Amino acid sequence: MLELDAATEADYPAVVDLANVAFRGSGADAGWNSEADYIAGPRLTESLLRADLASNPGTQLLVYRDHPGGPLLGTVLLGPRDNDVWYLGLVTVRPDLQNRRWGGALLAAAENFAKERGARCIRMTVVNVRATLIAWYQRRGYALTGETQPFPYDDRRFGVPLRDDLSFVVLERDI
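Numbers given to residues run from 1 along each chain, matching the order in which its sequence is written. Residue-level local features of this predicted model are given only where pLDDT is at least 70; pairs of side-chain atoms are given and counted only at 80 or more, and the full residue set underlies all totals for whole chains, interfaces and linings. To get the side-chain values, take all heavy atoms of the structure and skip hydrogens and water.

Chemist: Outline the nonpolar core, supporting the account with residue identities and numerical values.
Modeler: Taken as a class, soluble globular proteins show a tendency for nonpolar side chains to be buried jointly. Only buried Ala, Val, Leu, Ile, Met, Phe, Trp, Tyr and Cys residues count toward a nonpolar core, and they belong to the same one when joined by side-chain atoms within 4.5 Å. Think of it in three bands: with a 1.4 Å probe and only protein chains considered, a residue is buried below 20% of the maximum accessible area for its type, exposed above 50%, and partly exposed in between. Ranked by internal contacts, the top residues of the largest apolar core, which has 30 residues, are Leu 78, Leu 88 and Tyr 137. The helix count covers DSSP runs of H or I at least four residues long, the strand count covers runs of E at least two residues long, and both are numbered beginning at the N terminus. Of all elements in the fold, only strand E3 (60-64), strand E4 (74-82), strand E5 (85-93), helix H3 (102-116), strand E6 (121-127), helix H4 (131-139) and strand E9 (167-174) reach the threshold of two or more residues within this core. The greatest single-element share of this core, amounting to seven residues, is contributed by H3. In this analysis, two residues are considered to be in contact whenever any of their non-hydrogen atoms come within 4.5 Å of each other. In this structure, Leu 78 is in contact with Gly 58, Thr 59, Gln 60, Leu 62, Trp 86, Tyr 87, Leu 88, Ala 110, Phe 113, Ala 114 and Ile 122, ignoring residues within four places of it in sequence. Tyr 12, Leu 18, Phe 23 and Leu 72 belong to the second-largest nonpolar core, a separate cluster that totals 17 residues.

Chemist: Kindly report on the packing of helix H1 (residues 12-24) against helix H2 (residues 46-55), identifying the contributing residues and their values.
Modeler: Think of two packed helices as two axes; the pair is described by the angle between the axes and how far apart they sit. It is at 9 Å that the axes of H1 and H2 come closest, and there the two elements cross at 105°. By the angle class used here, H1 and H2 are roughly perpendicular. On H2, the residues that touch Tyr 12, Pro 13, Val 15 and Val 16 of H1 are Glu 46, Leu 49, Arg 50 and Leu 53. In this count, Pro and Cys sit with the nonpolar residues alongside Ala, Val, Leu, Ile, Met, Phe, Trp and Tyr, while Asp, Glu, Lys and Arg are called charged and the others, Gly among them, polar. Here the contact of H1 with H2 is built from residues that sort into six nonpolar, no polar and two charged. Axes here mean lines fitted to C-alpha atoms, for a helix over just the part in contact, with angles spanning 0 to 180 degrees between N-to-C directions. Put simply, angles under 35 degrees are roughly parallel, angles over 145 are roughly antiparallel, angles from 65 to 115 are roughly perpendicular, and the rest are oblique.

Chemist: Can you break down the packing of aromatic side chains residue by residue, with the values?
Modeler: Pairs of aromatic rings are described using the distance from one ring centre to the other and the angle between the two planes. When two rings of Phe, Tyr or Trp (its six-membered ring) have centres within 6.5 Å they constitute a pair, described as stacked for plane angles under 30 degrees, edge-to-face for angles over 60, and tilted for the intermediate range. Scanning the entire structure with this criterion turns up six aromatic pairs. The interplanar angle of 80° and the centroid separation of 5.6 Å between the aromatic rings of Tyr 64 and Trp 102 together place this pair among those described as edge-to-face. Taken together, the residues span a long stretch of sequence, with Tyr 64 in strand E3 and Trp 102 in helix H3 at a distance of 38 residues. Note on Trp 102: relative accessible area 16%, which makes it buried. Seen from their ring centres, Tyr 137 and Tyr 142 are 5.8 Å apart, and the 75° between their planes marks the pair as edge-to-face. Like Tyr 142, Tyr 137 is buried. Taken together, the aromatic side chains of Trp 32, Trp 136, Tyr 137 and Tyr 142 make up a single cluster linked through ring pairs. Sitting above the plane of the Phe 23 ring, Arg 43 keeps its charged end 4.6 Å from the centroid. By the criterion adopted, a ring carries a charge over it if an Arg CZ or a Lys NZ lies within 6 Å of its centre and within 35 degrees of its normal.

See below:
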């Protein structure tokens, strides 16, 4: 199992860079699950990352490196929400390494991290038009709840939507 470490503030620039290339990369930089066809602009900024962490007490930004001091290879954001339900976000693997099955290993490590801290259920949101990514999570035991959340069309901090039919679907899994 991959070992996740708590991110430090010194990691924030690398986390932001990785999130932007993994989520919004295009061309040769694109991973298999890029959302660049649906949303333009950066996925994350350092100020947005800091605000998210500050507004969600107990949330942990975790990073994966294959050796101490090595380059950042993956990230996850985990935090308690309601009782034993934890939110999972920012599941990111460097696009050039996505064919090594580290995404599944990173997800399993994140679930284990949350479970060790009392989580019984993991919830996440995914942009509704990302069918391939939703299917990937479903193959790993996550189920669509039927809940949706609106896409923040009026908040450009999250990028510029290129479609008018975006929303978030909610997935969850008991762990």
